[in-house]
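Close look at the chain arrangement
Spelled out from the first residue to the last, the chains are:
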Amino acid sequence: MENINIQERMKHYNVQGLSITLINHGQICDTENYGLLEVESNKYVNENSIFSACSISKFLTGMLVMKLTNQGLLDLDEDVNNRLVSWKIPENDLTKNKRVTLRNLLSHQSGIKDPENSFGELKTIPSFPSLVELLDGKTPYCKVPIEVNYEPESGFDYSDAGYCIIQLLLEDVTGKPFHQMMKKLIFEPLKMGNSTLDMSIPVMSSEKFSCGHNKNGKLVDGKYPLYPYPASSGLWTTSVDLAKLVIELMDAIKGESKVGISSNAIKDMISSQRGKDWVGLGVFLAGSEKEIEIQSLGWGVGFQCMMVALPYLEKGAVIMTNTELGVHQMEGIIGEIYRTLIC
């Protein structure tokens, strides 16, 4: 990153805090931290600073699905209604010929469109709606019942609702809360000790957690935006912990997974799905086969971040900021850093 003055660029964009972890040869090679966890405070960002990863949660969810698929608890290509218990995708004319599969949900090709202005941050604490309430359209986060809007696999629509269905499926199949599954099966084996999906945590009392800021560098309302649908957007983590997850993906390709994900499962995860060359299972794709680049972007109230990896070259980076700039990551400081690392 010698080609960019990060502190000067942070000032230019009003970014309050930033953490970067780099991967080379399949190992963490550098971590750099800048700025503050909260504007006008003396709380500085360090390698244990926890940011909201927002939609990078979908990459994490994809990894857990691959693990449970290898255990035989899930099948990527069967009708998810076969194993859903507490709620089922409503049947209609659009599901007669093609049923919704886990593969469809992971790759945003289920035919489900998120209702307009849905899936925002938590409005009141401790008012955590159930997933069934969310999917039935009975909460402020989603006021319309979720259903299939066009035939599965006939199009692409980025869907938080789809990941709520995945979470519910995992909980129905295992009988365990999603955050407990993730802790036991992913966080603990990978020693991701600064990662959590448990929204009952007293976030405000921890010195590790970053506040969110707007494009003017001011604190957002509530300081710590939470999302009541963790599989889609609920991950709080550090750049170091996220890098460990990326390294697990690289290790799994080589048949060296620490959590029990097969090489074939990971290769499926980072392969183009149903003719859409830019989308995998929980990740997005660019590049050619052996130089495939995987990406996951997080963008929510007060935070923006990015995970990028070249898994066959065993290189990657995690960039996390506690400021939402109002423009796509590639148009802000994350894009500038990305171009010095990848291009």
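Right, let's walk through the structure included here. Once a new chain begins, its residue numbering starts again from 1 and follows that chain's sequence as written. Predicted model: local features are reported for residues with pLDDT of at least 70 only, side-chain atom pairs are reported and counted for 80 or more only, and whole-chain, interface and lining totals are derived from all residues. Each side-chain value is worked out from all heavy atoms of the structure, with water and hydrogens disregarded.

A few words now on the environment of Met66. Here a strand is any run of E in DSSP of at least two residues, a helix any run of H or I of at least four, and the numbering for each starts at the N terminus. On the secondary structure map, Met66 appears in helix H2 (residues 57-70). The spacing of Met66 and Ile247 is 181 residues in sequence and 15 Å in space, taken between C-alpha atoms. Whether two residues touch is decided by their heavy atoms; if any such pair falls within 4.5 Å, the residues are in contact. When sequence neighbours within four positions are dropped, the list of residues in contact with Met66 reads Leu76, Leu106, Ile261, Ala265, Met269 and Leu281.

Once that is clear, we can look at the packing of aromatic side chains. Each Phe, Tyr or Trp ring (for Trp, its six-membered ring) is paired with any other whose centre lies within 6.5 Å, and the angle between the two planes then decides the class: stacked below 30 degrees, edge-to-face above 60, tilted in between. Following the criterion strictly, the structure yields 8 aromatic pairs and no others. Between the aromatic rings of Phe156 and Phe284, the centroid separation amounts to 6.3 Å while the plane-to-plane angle is 75°, which identifies the pairing as edge-to-face. In this pair, Phe156 sits in the loop between helix H4 (131-135) and helix H5 (160-174) while Phe284 sits in strand S5 (residues 284-286), placing the two residues 128 residues apart along the sequence. Take Phe284: its relative accessible area is 25%, and that puts it in the partly exposed class. Pairing Tyr158 with Phe284 gives two aromatic rings, centres 6.2 Å apart and planes at 25°, and the pair type is stacked. The classification of residues rests on relative accessible area computed with a 1.4 Å probe and restricted to protein chains. Under 20% of the type maximum is buried, over 50% is exposed, and intermediate values are partly exposed.

Mapped onto the elements of the fold, His108 is located in the loop between helix H3 (102-106) and H4. By the criterion applied in these results, polar contacts are pairs of N or O atoms within 3.5 Å in which, for protein atoms, one can donate a hydrogen and the other can accept it, and in which residues neighboring in sequence qualify only through two side-chain atoms. A polar side-chain atom of His108 sits 3.0 Å from the main-chain amide nitrogen of Ser159. When neighbours within four sequence positions are excluded, His108 is seen to be in contact with Lys58, Gly155, Phe156, Asp157, Tyr158, Ser159, Tyr163 and Phe284.

When a carboxyl oxygen of Asp or Glu is within 4 Å of a side-chain nitrogen of Lys or Arg, the pair counts as a salt bridge. Using the criterion set out here, one finds 19 salt bridges in the structure. Residue Asp160 pairs with Lys58 through a salt bridge whose shortest N-O separation is 2.7 Å. Placement of Asp160 in helix H5 and of Lys58 in helix H2 is noted, with a sequence separation of 102 residues between them. Using a relative accessible area of 12% as the deciding quantity, one classes Asp160 as buried.

Sulfur atoms of two cysteines make up a disulfide when they are within 2.5 Å. Tallied over the entire structure, the rule returns 0 disulfides. There is no disulfide at Cys54, and the cysteine sulfur nearest it, in Cys305, is 5.3 Å away.

To continue, consider helix H8 (residues 239-253). Count 3.6 residues to each turn of an α-helix, and residues three or four apart come out pointing the same way. Helix length check: H8 (15 residues) gives 22 Å between terminal C-alpha atoms against 21 Å at 1.5 Å per residue, within 8%. H8 sits mainly inside the fold: 14 of its 15 residues count as buried. Two residues or fewer past H8, Gly255 is found with a positive phi of approximately 80°. To estimate the expected span of a helix, count its residues, drop one, and scale the result by 1.5 Å.

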